[in-house]
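Here's the letter readout for the chains.
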Amino acid sequence: MDIKDTARPLNGASVSAFLRSLPAKPLLLGLGEARHFVEALGELRNEIFQHLVEHEGYRSFAIESDCLMGLVVDDYITTGAGTLDDVMERGFSHSFGAFPANRELVRWMRAYNEAHDEKLRFHGFDGPLEYWAASPRQALTGLHRLLDGPLPCTMETLDTLLGPDDRWTNEATVMDPSQSIGQSADAQRLRLLADDLVALLDTQAPRLSAEDRERAALYGRTAVGLLRYHHWMADTSPARIARLSGLRDAMMAANLHAVAEHGPALVFAHNLHLQRNKSFMPLGDQQLEWWSAGAITEAHLGDRYAFLASALGTVGEHAPPPDTVEGLLSTLPWNHSLIDARRLAEATTKPAPRISHDFAYFPLDPAQLNMIDGIVFLKQTVKLG
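These numbers come from a predicted model, not from an experiment. (Residues numbered from 1 in each chain as written. Predicted model: local features only at pLDDT ≥ 70, side-chain atom pairs only at ≥ 80, totals over all residues. Heavy atoms only, no water.)

Help me out: how do you make sense of the overall build of the protein in this one?
Counting its secondary structure elements, the protein contains 14 helices and 10 strands. Taken over C-alpha atoms, the radius of gyration comes to 22 Å for the protein, in line with the 21 Å a tight globule of 385 residues would show. When each of the 385 residues of the protein is scored for burial, the buried share is 53%. For the protein, the proportion of contacts with a sequence separation of at least 24, taken over those separated by at least 6, is 79%. Summed over all atoms, the accessible surface of the protein reaches about 17100 Å², with 52% contributed by carbon and sulfur. The distance from the centre of the 35 positive side-chain charges to the centre of the 50 negative ones in the protein is 3 Å. (Helix = DSSP H or I, 4+ residues; strand = E, 2+ residues; numbered from the N terminus. Rg over C-alpha atoms; globule rule 2.2 N^0.38 Å. Buried < 20%, exposed > 50% of the residue type's maximum accessible area, 1.4 Å probe, protein only. Contact = heavy atoms within 4.5 Å. Areas by Shrake-Rupley, 256 points an atom, 1.4 Å probe, with all protein chains shown as cover. Lys, Arg positive; Asp, Glu negative; His and termini not counted. Charge placed at Lys NZ, Arg CZ, Asp CG, Glu CD.)

Structure, rendered in C-alpha cells:
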C-alpha cells in the first residue's frame, strides 16, 4: 500500500470524512499536541474547531488548562463578562493565555455566541496544578456557598483549616515531600469535610439549577482531587511520582467525562495526555508508568472517544530521518495532512523511532500507531512558540 493512500490534505472535507470513517460519532474528539506552543498547529486547531461547529454540530471546546480558571473564559464567551485581555490573563494556566492561537479562539467563540442562540462552551480540563498543586480553597468554598441547610462545617472552619494559601503552593514540595502539608491533621480533616460536602451535593441536586449543579460538581471533584493530590505529595515511597502523575490524568479524565455530557466536543492537549496507551517515564533506576487521561476516558466512553495525534516533519533545520514515521509522512505532497493511523500501521514495516533534538517535542511511537485513530501532520514548521 502506498502511504499516500492512507492520507488526505487536511481541510474541512477531510475532517468530516475522517469522522464518517469512525465506528461511532465521538462525544469527545481529542486533538493532541506533539509539542506545546506550535503556532501553526494552534491555527490548524482553530480551523478544525470552526469546521466542527459549523458543519458537525460541535458546541464545546476543552483544553489542557486549569479547570477553575477556565470558568473565567466560559463566562466571557457565554455572557461577555470581562474583557478579552483580562480573560487571557486570568483564564488560562501553563502560560497558555499568551499563545496567540488561544486568544484568537476565544475571540471567535465570543463572536459566534453573540450571533447565535445556541451557545458554545469552553472548558479547562486540567486540575489546578503543575507538578505542585494549588490550594483547595476556591473549590471548597465555592462548593460550600452553593449548598444549603445544615452543613458539616462553617465557612470560618474551612478558612481556619486551610490557613494561608502559600502553605499549599510551596513549589519545594515537588522535590521534598517533607515540606508538603498534605498529610497534616488539617489536611486530613479537610478531606473528610470535602467528602461530606460532595455527598451533601447529591442530596440537594433537585434544588439547584442545572448551571449550579454543574459548577458545584466541578468544585466537588476538584476539591477532592486536590486534597488527594496533596496527600500523595507528602508520600515518601518510590511510587510517589507515578502516583501523582496518575492522579493528575485521572482528574483530567473526570473533567472530560463531564465535558462529554455537553458533547460532541473537541479536546486539545498534549499527545501524552490523550493517548490510549500507558505512559512511561524513566526516573533514576525506576521505570514509572500510569494510565493517561485518554486511556481512562476510552475505558468509559469506548468508541465515543476518538484520538487524532499530531506530528511534525521538519522543524527549523531539523528534518526527520527518512526511515521514521515522520520521515515517511514528509514524502506526502501536502503541507498539512490527515492520515488514517491504523492503515498507516499496515502500510509500513517497522519504522525507526525518531530521536528528537527538542526536549519539548515528543515524536510518534511507531509501535503505537494502531492505538491512534488519525494523525494531523505538519510537514514543515518554521516557528515554535
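I tried to follow the sheet that holds strand β3 (residues 60-66) on my own but got confused; where do I start?
One open sheet accounts for eight strands, arranged β1-β9-β10-β8-β2-β5-β3-β4; its pairing is mixed. The strands lining the two open edges of the sheet, one partner per strand, are β1 (7-9) and β4 (121-126). Sheet twist, expressed as the average angle between the axes of neighbouring strands with direction ignored, equals 25 degrees. Here strand β2 (residues 28-33) pairs with strand β8 (residues 305-315) via four bridges, running parallel. Among the inter-strand pairings, Gly-30 is bridged to a residue of β8, identified as Phe-307. (Pairing = 2+ DSSP bridges. Axes fitted to C-alpha atoms, helices over the stretch in contact; angles between N-to-C directions.)

Would you mind going over empty space enclosed by the protein with me for this structure?
To find the voids left in a structure, one rolls a probe of water-molecule size over its atoms. Summed over all chains, the structure comprises two cavities of 30 Å³ or more. What lines the largest cavity is Glu-33, His-36, Phe-37, Arg-45, Ile-63, Phe-96, Phe-99, Asn-102 and Phe-268. The residue makeup of the lining of the largest cavity, split by class, is five nonpolar, two polar and two charged. Of the volumes computed, that of the second largest cavity is approximately 40 Å³. Surrounding the second largest cavity, Ala-133, Arg-167, Trp-168, Thr-173, Ser-180, Ile-181, His-230 and Met-233 form its lining. Taken together, the residues of the lining of the second largest cavity break down into four nonpolar, three polar and one charged. (1 Å grid on protein atoms, 1.4 Å probe; cavity = no way out; pocket = protein on both sides within 12 Å on 5 of 7 lines; lining within 4 Å. Points joined across faces, edges and corners; volume = space filled by probe spheres on them. Nonpolar A, V, L, I, M, F, W, Y, C, P; charged D, E, K, R; others polar.)

Help me out: how do you make sense of the layout of surface pockets in this one?
In this structure, the largest pocket occupies an estimated 1600 Å³ of space. In terms of lining, the largest pocket is formed by 49 residues, of which the most central are Tyr-131, Leu-272, Met-281, Trp-290 and Phe-362. Broken down by secondary-structure element, the contributors of at least two residues to the lining of the largest pocket are α9 (210-233), α10 (240-260), α11 (271-274), β6 (278-283) and β8. Looking at which element gives the most residues to the lining of the largest pocket, the answer is α10, with six residues. Taken together, the residues that form the lining of the largest pocket break down as 26 nonpolar, 12 polar and 11 charged. In terms of lining residues, the second largest pocket is bounded by 23 residues, among which Arg-121, His-123, Glu-214, Arg-215 and His-262 are the most central. Breaking the lining of the second largest pocket down by element, the ones donating at least two residues are α3 (70-79), β4, α9 and α10.

So what exactly am I meant to see when it comes to the packing of aromatic side chains here?
The final tally for this structure, using the stated rule, is seven aromatic pairs. On the numbers, 5.4 Å between centres and 65 degrees between planes, the contact of Phe-49 with Phe-61 is edge-to-face. Separated by 12 residues along the polypeptide, Phe-49 in helix α2 (residues 39-56) and Phe-61 in strand β3 bring together distant segments of the chain. For the pair Phe-49 and Phe-61, a shared accessibility class is recorded, and that class is buried. (Phe/Tyr/Trp six-rings, centres within 6.5 Å; stacked < 30°, edge-to-face > 60°.)

It is not clear to me how the nonpolar core should be interpreted in this structure. Could you clarify?
For soluble globular proteins, nonpolar side chains are generally found buried alongside one another. With 76 residues, the main nonpolar core has Leu-28, Leu-29, Phe-49, Phe-61, Val-106, Met-109 and Ile-375 as its most contacted residues. It is β8 that provides the largest number of residues to this core, a total of eight residues. Within the second largest apolar cluster, 27 residues are counted, among which are Leu-71, Ala-139, Leu-201 and Ala-223. (Core = buried A, V, L, I, M, F, W, Y, C linked by side-chain atoms within 4.5 Å.)

How should I be thinking about the side chain of Asp-126 in this particular structure?
Residue placement: Asp-126 occurs in strand β4. A relative accessible area of 0% places Asp-126 in the buried class.

Looking at this model, I keep getting lost on the environment of Leu-200. Mind explaining?
Here Leu-200 is to be found in helix α8 (residues 185-204). Overall, Leu-200 belongs to the buried group, its relative accessible area being 18%. Separated by 49 residues in the primary sequence, Leu-200 and Leu-151 place their C-alpha atoms 8.1 Å from one another.

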